[in-house]
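Summary of the model geometry
For reference, the chains in residue letters:
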Amino acid sequence: MLSKEAEKFLLNLRLELMSRGKKDKDIQEIEAELRDHLKEAEAHGQSVESITGGSVKDYIRSISEELPRDKGFIKYSILLLIYLLGVFIIPDLISGDFELNTSVILYNLAVLAIGTVGTIIIVKKIVTKYGDSKKTYISYGIFFSLFMASMVGAQFIIRNHPGIVIAESNQSVNLIIGAILLSIFIIVPLIMKQGFLALFTFLICLPEIIAKIVTGGGSPESESYVWISAIVFFVIAITAIGILIYTSKKEDKKTSN
Amino acid sequence: MSVSDQMMKGLLDGAILGLISQGETYGYEILEKLKERDFPEISDGSIYPVLLRLSKKGYVQTELKKSDTGGPKRKYYTITDKGLEELAVFRNKWSYLNKGMNNLMRSVEDAK
């Protein structure tokens, strides 16, 4: 059993190497090797500092320099950005509420930047400070709640201040484009054997699809449409969180046995 | 990085390669052996970037085996033919360097 300090160091190492695009296999190997070393070192009364020589940051950098970058890292990062952009836009297209204007472009760019780079930086900072503790999960919760709240707030601002409208079309054209993009964003991840991403795209769009069907193609601003999509979204979110908690508890049980 | 730090970094590669050439070994054991032989000024973790570098260059090969303590599998290192060739080059260069540096440092001391 390793000390909390050692576990925190290994977690930092893993996150740092992951964010630098190193191969999963290499990360697992060096983590296992350092874990083995730390077990012996701690059994002989030494601390993590004996490994890092004082600066965790410098030490992780020295390890990182010797590990090759995963060649697919940049390709997958670009694909992930396109995927996220799709996930943000497709539900609006299906609801028929989509309009391409400068505010929408700025909003999506900001969400992508904060949602990817920002999240990596914040998550790394939180883990570096608190390690694998309750404080970390609470900080994650606060960060993501603030992030979601800002997204909702920004949506209201966009509706009231659309800026320069670049392209707009009627609801049926939006719906057709949305349906085509939805099919692409489900089929391509399935071909790439990324079933989770395909399912995630579908679940994100499901509230709009159900609301559209139930209201008989009603306006996304009508009260019944808003209620139905909100309820479906809530049910999906609760179910997903429930499944995640159940599987993580099952995994914990498996590991402790 | 200071001159002495750079020198130590280069020497550590050769020292670790030399230790691995004496028989199959693993990270913590390499460190213990370095300490036993009074190899100066190394932090315990500094051997791992070196091991990664030696492995990347094909001078050593690794194998995961059950450890004596019965814990999870441990990574063991052995030297390759390429590593033996590199070690021979290192030893040769080191003996020249050692001789040259000793002569030079003696003349520095004499000048004092």
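Note that the coordinates shown come from a computational prediction; the quantities given were computed from them, not determined experimentally.

**Details of the overall build of chain B**
Across its full length, chain B holds 4 helices and 3 strands. Element order for chain B, N to C, with α for helix and β for strand: α-β-α-α-β-β-α. Dimensions of chain B along its principal axes, counting C-alpha atoms only, are 60 × 30 × 25 Å. The burial tally for chain B puts 36% of its 112 residues in the buried class. Surface accessibility of chain B: about 7,100 Å² in total, with carbon and sulfur atoms responsible for 52%.

**Comments concerning the nonpolar core**
Counting 36 residues, the largest nonpolar core has Phe9(A), Ile30(A), Leu34(A), Ile63(A) and Ile16(B) as the members making the most contacts within it. At the level of secondary structure, the elements contributing two or more residues to this core comprise helix 1 (4–19), helix 2 (24–43), helix 3 (48–52) and helix 4 (56–66) of chain A together with helix 1 (3–21), helix 2 (27–36), helix 3 (47–56) and strand 3 (74–79) of chain B. Apart from the residues lying within four places of it in its own chain, the contact partners of Leu34(A) are Phe9(A), Leu10(A), Leu13(A), Ile51(A), Tyr59(A) and Tyr48(B). Ile89(A), Tyr107(A), Val111(A) and Phe147(A) belong to the second-largest nonpolar core, a separate cluster that totals 10 residues.

**Details of the interface of chain A and chain B**
In this assembly, 20 residues from chain A lie in contact with 19 residues from chain B. The three residues of chain A that bury the most area against chain B are Glu33(A), His37(A) and Glu66(A), which together make up 38% of that side's buried surface. Scanning the region where chain A abuts chain B turns up 6 salt bridges. In this structure, the connection of chain A to chain B is made through 11 residue pairs in polar contact (both at pLDDT 80 or more). Put simply, the parts of the chain that give the side of chain A that touches chain B at least two residues each are helix 2, helix 3 and helix 4 of chain A. At 9 residues, helix 2 of chain A tops the list of elements feeding residues into the side of chain A that touches chain B. Grouping the constituent residues of the side of chain A that touches chain B by class yields 7 nonpolar, 6 polar and 7 charged.

**A short note on the side chain of Glu16(A)**
Residue and element names in this part refer to chain A. Structurally, glutamate 16 can be placed in helix 1. Side-chain polar atoms of glutamate 16 contact the side chain of arginine 20, separated by 2.9 Å. Excluding residues within four positions of it along the chain, glutamate 16 makes contact with Ile60 and Lys124.

**With respect to a nonpolar patch on the surface**
Residue and element names in this part refer to chain A. Among the surface-exposed residues, Ile74, Tyr76, Ile78, Leu79, Ile82, Ile176, Ile180, Ile184, Val188 and Met192 lie close enough to one another that they form a single nonpolar patch of about 910 Å² accessible area. Considering every element that reaches the nonpolar patch, the biggest residue donor is helix 5 (residues 73–95), with 5 residues. Position of isoleucine 184 relative to the elements: it lies in helix 8 (residues 171–191).

**Considering the pattern of salt bridges**
Residue and element names in this part refer to chain A. Tallying each qualifying case throughout the model produces 16 salt bridges over all chains. Here arginine 61 ties to aspartate 58 by a salt bridge, and the two come within 3.3 Å at their closest N and O atoms. You can see arginine 61 and its partner aspartate 58 sitting in helix 4, 3 residues apart, about one turn around the helix. By relative accessible area, which is 36% here, arginine 61 ends up partly exposed.

**Considering the confidence of the model for chain B**
Summarising the model, chain B shows a mean pLDDT of 86, and 90% of its residues fall at 70 or more. For chain B, per-element mean pLDDT is lowest for helix 1 of chain B, which scores 84, and highest for strand 3 of chain B, which scores 93.

**A look at the environment of Ile228(A)**
All names here are of chain A. Mapped onto the elements, isoleucine 228 comes out in helix 10 (residues 223–256). Separated by 61 residues in the primary sequence, isoleucine 228 and alanine 167 have C-alpha atoms spaced 28 Å apart. Ignoring any residue separated from it by four or fewer positions in sequence, one finds isoleucine 228 in contact with Ile210, Ala211, Val214 and Thr215.

About the cut-offs
The numbers attached to residues start from 1 for each chain and follow its sequence in the written order. Key to labels: chains lettered from A, ligands numbered from 1, both in the order written. Per-residue local features of the predicted model are confined to residues with pLDDT of at least 70, and side-chain atom pairs are confined, for both listing and counting, to 80 or more; whole-chain, interface and lining totals are unaffected and use all residues. Heavy atoms throughout the structure, all of them, feed into the side-chain values; hydrogens and water do not. Where helices and strands are cited, they refer to DSSP runs of H or I of at least four residues and of E of at least two residues respectively, numbered from the N terminus. Partly exposed residues are those whose accessible area sits between 20% and 50% of the maximum for their type, while under 20% is buried and over 50% is exposed, using a 1.4 Å probe and protein chains only. Only the protein chains shown count as cover for residues, with accessible areas throughout obtained via the Shrake-Rupley method and a probe of 1.4 Å. Grouping buried Ala, Val, Leu, Ile, Met, Phe, Trp, Tyr and Cys residues that are joined through side-chain atoms within 4.5 Å yields what is termed a nonpolar core. It only takes one pair of heavy atoms within 4.5 Å for two residues to be counted as in contact. Two parts placed together each lose some accessible area under a 1.4 Å probe, and the buried area is that loss summed for both. Within this document, salt bridges are pairs made up of a side-chain nitrogen of Lys or Arg and a carboxyl oxygen of Asp or Glu, the two lying within 4 Å of each other. Identification of polar contacts relies on pairs of N or O atoms within 3.5 Å, with a donor-acceptor requirement for protein atoms, meaning one able to donate a hydrogen and the other able to accept it, and with residues adjacent in sequence counted only if both atoms are side-chain atoms. For this classification, Asp, Glu, Lys and Arg are treated as charged, while Ala, Val, Leu, Ile, Met, Phe, Trp, Tyr, Cys and Pro are nonpolar and the rest, including Gly, are polar. To count toward a patch, a residue needs a relative accessible area over 30% and no salt bridge; like charges are then connected within 9 Å, while nonpolar side chains (Val, Leu, Ile, Met, Phe, Trp, Tyr) are connected within 5 Å. pLDDT expresses how confident the predictor is about each individual residue, on a scale running from 0 to 100.

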